[in-house]
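# Structural characterization, general
This is what each chain is made of:
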Amino acid sequence: MSENRVIRVGDLMGSTLYTIDRLATVADAMDLMKRHEVSSLAVDRRDDDDEYGLLVVADIAREVIARNRAPERVNVYEIMSKPVLTLPAGMLARYAVRMLVRFELSRAVVIDAERAPLGMVTLRDLVLSHGEE
């Protein structure tokens, strides 16, 4: 019988986190998403007392495309979700699943002890690792 391994959020996160400034346009965000083949961007904090935001493709679809707004005339801060759920890298994966499910979210930004962003983890990443924990 194999020994169960403890899996933490930091073990499953994508280590490349793409960020964008809140004042950037949605057109800029779309270009960044296309270039890096991602469907979400973390939105930088204004200062240390601020919280991170999150922009996902669904936000652009709902708030810009479906409403026939011009992406180059809409700023990221107008449509982003904020604050975004952040999870410590050391949190057990099973607790991260509970958090995402409780708040009906598909992803979270992973942070270190100083609240600096390390990467992003998705519910998919967490669920598919379930049998390994």
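Relevant structure appears above.
Heads up: these notes are all about the structure in this document. (Residues numbered from 1 in each chain as written. Predicted model: local features only at pLDDT ≥ 70, side-chain atom pairs only at ≥ 80, totals over all residues. Heavy atoms only, no water.)

## Structural notes on the side chain of Arg-107
Inspection of the secondary structure assignment puts Arg-107 in strand 5 (residues 107-111). Within the structure, the side chain of Arg-107 is placed 3.4 Å from the side chain of Ser-39, a separation counted as a polar contact. Polar contacts involving the side chain of Arg-107 include one to the side chain of Ser-106, which spans 3.3 Å. Once residues within four sequence positions are removed from consideration, Arg-107 is found in contact with Ser-39, Ser-40, Leu-54, Val-56, Leu-100, Met-120, Val-121 and Thr-122. (Helix = DSSP H or I, 4+ residues; strand = E, 2+ residues; numbered from the N terminus. Polar contact = N/O pair within 3.5 Å; in protein donor to acceptor, adjacent residues only side chain to side chain. Contact = heavy atoms within 4.5 Å.)

## Comments concerning the pairing of strand 6 (residues 117-122)
Alignment of strand 5 against strand 6, held across five bridges, turns out to be antiparallel. Following the sheet pairing, Val-109 is matched in strand 6 by Met-120. Between strand 5 and the antiparallel strand that follows it, strand 6, lie five residues; Arg-115 among them carries a positive phi value of about 70°. (Pairing = 2+ DSSP bridges.)

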